[in-house]
Amino acid sequence: MMIEKFAAITAEERQAENEHDHTIKVCVAAGCLSSQSNEVLTALKNGLGEHRGCHVKGVGCMGLCSQGPLVAVATKTNATPQTVMYQNVKAEDATEIVQALGKEPVARLALNTDVPFFQRQTKIVLENCGAIDPERIEEYIAAGGYQGLLTTLTESSPSEVIDEIVRSGLRGRGGGGYPTGLKWTTVAKMDGPGKYVICNADEGDPGAFMDRSVLESDPHRVLEGMAIAGYAVGASEGYIYVRGEYPLAVERLKIAIRQANRLGVLGSKVCGTTFDFNVHIRLGAGAFVCGEETALIASIEGKRGTPRPRPPYPAEHGLWGKPTLINNVETFANVPAIIRKGGAWYATIGTAKSKGTKVFALAGSIQNTGLIEVPMGMSLSEIIHEIGGVPIGKCKAVQTGGPSGGCIPAAYFDTPVDYESLKALGSIMGSGGMIIMDESSSMVDVARYFMEFCMSESCGKCVTCRVGTVHMYNLLDKIYQGKAWRRDLNTLEKLCDLVMNTSLCGLGQTAPNPVLSTLRYFRHEYLNKLLDGAEDGRMATAATTQPLEARP
Amino acid sequence: MNQPTQARIFTLKIDGVDVAAREHETILELAQENNIFIPTLCHLEGLTEFGGCRLCVVEVQGSNRLFPACMTTVTEGMEVTTDSERLRVYRYMILGMLFSERNHVCSVCVSNGHCDLQFLAAKLGMTRVEMPYLHPSMVVDASHQHFIMDHNRCILCQRCVRVCGEIEGAFTKGVMGRGASSRIIHDLNGAWGDSKTCTSCGKCVNVCPTGALAEKGKSAGEMVKRRDWLPYLRSMQED
Ligand SMILES: Cc1cc2nc3c(=O)[nH]c(=O)nc-3n(C[C@H](O)[C@H](O)[C@H](O)COP(=O)(O)O)c2cc1C
Ligand code: SF4
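Residues numbered from 1 in each chain as written. Chains lettered and ligands numbered in written order. Predicted model: local features only at pLDDT ≥ 70, side-chain atom pairs only at ≥ 80, totals over all residues. Heavy atoms only, no water.

This next bit is on the overall build of chain B. A count of helices and strands for chain B gives six helices and ten strands. Here the C-alpha radius of gyration of chain B, 19 Å, is about what a compact globule of 239 residues would show, namely 18 Å. Considered along the principal axes of its C-alpha atoms, chain B spans approximately 55 × 50 × 35 Å. Looking at the 239 residues of chain B, the share that counts as buried comes to 50%. The long-range fraction of contacts in chain B, counting pairs at least 24 apart against all pairs at least 6 apart in sequence, stands at 61%. Here chain B displays about 11,800 Å² of accessible surface, and carbon together with sulfur accounts for 52% of that area. Across chain B, the mean location of the 25 positive side-chain charges is 6 Å away from that of the 27 negative side-chain charges. (Helix = DSSP H or I, 4+ residues; strand = E, 2+ residues; numbered from the N terminus. Rg over C-alpha atoms; globule rule 2.2 N^0.38 Å. Buried < 20%, exposed > 50% of the residue type's maximum accessible area, 1.4 Å probe, protein only. Contact = heavy atoms within 4.5 Å. Areas by Shrake-Rupley, 256 points an atom, 1.4 Å probe, with all protein chains shown as cover. Lys, Arg positive; Asp, Glu negative; His and termini not counted. Charge placed at Lys NZ, Arg CZ, Asp CG, Glu CD.)

The structure is reproduced here in structure tokens:
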């Protein structure tokens, strides 16, 4: 019986833990690995020597990626267990850290965790990140993993599972914010058999690394979410579409799937029931547009990754023409917690229309670069100034939502972060990238950067996006170079309207957003760059000194 | 119960006129039955729909979005507008984009006088191209014994790719690259003349809307493309 197996594994894990007074956790997710945390891990393992009461293991992301490699030392010699965190650890520091075990922590490396960055977060998706070894299913189970799947399969009907998700108010974390419960209901209502579940792990927004961290730090969580979804909608095959640029995530997923199949929590007769669920990995080749659901499906089918018009939506006509449920990594990662603790519990977190938490990747000119998870409805100012550690007044704007999003100026930082509020400001929640910009950033340049991204990532299927992004990029470049006139700005605005309204897929439809939002809040920056941009319409002085642009 | 299911009939309004349509029919098909002109470029009767040229977008009452007529099926009570000031402006700009993208100098083109792009420009009253010409430098593949492919004239409608796979079954033609650097290729990006899969059937040449695909040795007056075989071959496949 699976339940006894889980209990045995949990007991074994607890016992092993109890044998040690100290556990040293070294982050081995991509951020810290890139600053040689694997060497730190080896050095610590070697450095232990005869120290019997200590255990060293690699864990997933602890969040504060900019200070990596991060090492956490958990001690339970005293009545109250303690955790000390070290930052910027090098392999040479290993002996010092080992010597300090049970004594005063190494002051030189210690990281103060009594700061908003650590204290203000609410961890649901990331609850196991940085705590468990992502390559061992036993640790995931000891942390309560796969219990939700087990109770679901043995005690609930598919419609009860869906009710729970509906009750939680969970919305898609892939960008659109579509109600997850509704999507599951639709797929469940379609005639089977041969339905599919797809996990979208093609995270392509510049500056975003949430999905990557979840997959590298807690891959079983996503698998469990997918299996629960498969049971709820009546699918027995699942695909995870991961970017080829995430080799570590792929490797850990492979290990996780192998372990889960061996234990019987995936594969045929999951947990000894009649439910089968096989998970396959498919690799993306780096095209941003393959994150769009219909393009992703085409890519899995072995075709060129280009979108097709919707409707029909994948829920009706998806992979191989079958009803398909497609959700984002973070969406699936929320599911096990909802099933374990109940939809009603989840719905208490967040705002009226945006429930739960959201993981954000903080990047740009910010002190605490890294990954955070906060309840929906927290204000931008709390995220940027308190958690991010950016002094008030030192931040000009924040870009959310990647190339489909927009720039929000500092004056609006008291806005709560939820789907509707960000949309009202002309940006979007997106997948969770936040790029913080200081006074030195030119908004025209920001818009130009994102347009360049859309231009090179356009799939080329539809005319307006393929050609429109080139023209818009050229105009933005011309404005940035100070060679443009008012009529160029007019043309740019006309093109934005056209591309937004007539493009085939979300990429083209949202490509103008960064331009429109910067025009909305920073129009003067555009006008200042125009040759005839002065308020009274007179030509700026530069026009007399610069030659008219030669015609092509 | 076990009777063959009959297609349902919907009633709807297209440009204010009440019409009846079969279930699964597209707005474009319905418009054509009712002699309403909607400009199209990537659509061709007998090929699967593509939805790439965006010229056929129409307005549907109750939605702010625009819908491609070629790929949107009718629904009961729908109210479609195929022509409005907004649509006219958009179509004009889209056509301008196509002209600005590569190189469309009609006077020196083999398709002058029977080009779908040129026809639409005239039909939509286009007098000039407002966007700067991009004029990328593209190659001409003249390696095939009978045909020539001039990428400068290509609008990437992919009619040739579809006819090659769907009707001829050769799958010689494909697309490489992304965005503005997308390009029609033969096999794995070899020269057309070297292709072992090409049957030299010439279907791609005949479905090409512009002068991108042409027969060698033909003058502009002779290079008339014939497409009457296409719906026929498609209906043969379906039977
Ligand atoms: C151009 C484009 C890129 C996208 N990229 C991603 C992506 O990288 N990851 C993702 O989860 N969703 C992405 N999406 C959204 C997906 O199409 C889809 O809505 C999402 O996977 C649905 O999952 P959710 O309901 O859980 O959000 C993208 C959409 C577009 C238009
Ligand atoms: S909007 Fe852009 S990415 Fe989307 S189908 Fe059109 S060309 Fe491709």
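Residue and element names in this part refer to chain B. One open sheet holds the five strands; their spatial order is β2-β1-β5-β3-β4, and the pairing between them is mixed. At either margin of the open sheet sits one strand with a lone partner, and together these are β2 (17-22) and β4 (66-68). Each strand of the sheet is rotated relative to its neighbour by a mean of 40°, with strand direction disregarded. Of the strand pairs in this sheet, strand β1 (residues 9-14) and β2 are connected by six bridges, and their pairing is antiparallel. Bridging across to β2, T11 finds its partner in A20. Docked against the sheet, helix α2 (residues 85-101) engages β3 (57-60), β4 and β5 (79-81), running at close to 160° with respect to β3. (Pairing = 2+ DSSP bridges. Axes fitted to C-alpha atoms, helices over the stretch in contact; angles between N-to-C directions.)

To continue, consider the domain arrangement of chain A. Residue and element names in this part refer to chain A. According to the domain assignment, chain A contains domain 1 (17-111), domain 2 (144-347), domain 3 (357-437) and domain 4 (443-550). On a C-alpha basis, the centroid separation for the pair domain 2 and domain 3 is 27 Å. Facing the 17 residues of domain 2 at the interface are 18 residues of domain 3. Buried area between domain 2 and domain 3, both sides added, is near 1,400 Å², and the carbon and sulfur share of it is 59%. When the buried surface of domain 2 facing domain 3 is broken down by residue, R173, F209 and M210 rank first, second and third, together holding 36% of it. (Domains from an automatic or database assignment. Buried area = accessible area lost by both parts, 1.4 Å probe.)

So, about the interface of chain A and chain B. Facing the 31 residues of chain A at the interface are 31 residues of chain B. Of the roughly 2,500 Å² buried where chain A meets chain B, counting both sides, 62% is carbon and sulfur surface. Among the salt bridges present, the one from B:E101 reaches A:R466, with a minimum N-O distance of 2.8 Å. Connecting chain A to chain B are 16 residue pairs in polar contact (both at pLDDT 80 or more). The set of elements that each furnish at least two residues to the side of chain A that touches chain B consists of α18 (443-457), α19 (463-480) and α20 (486-502) of chain A. (Salt bridge = Lys/Arg side-chain N within 4 Å of Asp/Glu carboxyl O. Polar contact = N/O pair within 3.5 Å; in protein donor to acceptor, adjacent residues only side chain to side chain.)

This part covers unusual backbone geometry. Most peptide bonds are trans, and most residues other than glycine sit at a negative phi. Residue A:P69 follows A:G68 across a cis peptide bond; omega there is -5°. Position of A:P69 among the secondary structure elements: in the loop between β2 (54-59) and β3 (71-75). Cis geometry marks the peptide bond from A:P311 to A:P312, where omega comes out at 0°. Structurally, A:P312 can be placed in the loop between α13 (293-300) and β9 (324-328). One non-glycine residue, B:D15, lies in the positive phi region at around 50°. Its location among the elements puts B:D15 in the loop between β1 and β2. Exposure remark for B:D15: the relative accessible area of 33% places this residue in the partly exposed category. Positive phi, normally seen in glycine, also occurs at B:F171, with a value near 55°.

Two quantities define a packed helix pair, namely the angle between the axes and the distance from one axis to the other. All names here are of chain A. It is the contact of helix α11 (residues 219-233) with helix α14 (residues 329-341), at a shortest axis distance of 7 Å, that shows an interaxial angle of 75°. Our classification of the angle between α11 and α14 gives roughly perpendicular. Residue-level contacts link R221, V222, E224, G225, M226, I228 and A229 of α11 to V329, F332, A333, V335, P336, A337, I339 and R340 of α14. Taken together, the residues that form the contact of α11 with α14 break down as eleven nonpolar, one polar and three charged. (Parallel < 35°, antiparallel > 145°, perpendicular 65-115°, else oblique. Nonpolar A, V, L, I, M, F, W, Y, C, P; charged D, E, K, R; others polar.)

Quick look at the confidence of the model for chain B now. Residues with a pLDDT of 70 or more make up 97% of chain B, whose mean pLDDT is 93. Across the assembled chains, the prediction reports ipTM 0.94 with pTM 0.92. (pLDDT = per-residue confidence, 0-100.)

Moving on to the pattern of salt bridges. For the structure shown, the criterion picks out 40 salt bridges over all chains. Taking the shortest distance from any N to any O, the salt bridge between A:D477 and A:R448 comes out at 2.6 Å. Placement of the pair is A:D477 in helix α19 and A:R448 in helix α18, with a sequence separation of 29 residues. For B:R88, the salt bridge identified is with B:D83, shortest N-O distance 3.2 Å. Given a relative accessible area of 47%, B:R88 falls into the partly exposed group. You can call B:D83 partly exposed: its relative accessible area is 41%. Each of A:E13, A:K57, A:R136, A:E138 and A:E139 takes part in a single network of salt bridges with overlapping partners.

Before going further, it helps to spend a moment on the nonpolar core. Ranked by internal contacts, the top residues of the largest apolar core, which has 113 residues, are A:Y146 and A:W184. For this core, the element with the most residues is α11(A), which contributes nine residues. (Core = buried A, V, L, I, M, F, W, Y, C linked by side-chain atoms within 4.5 Å.)

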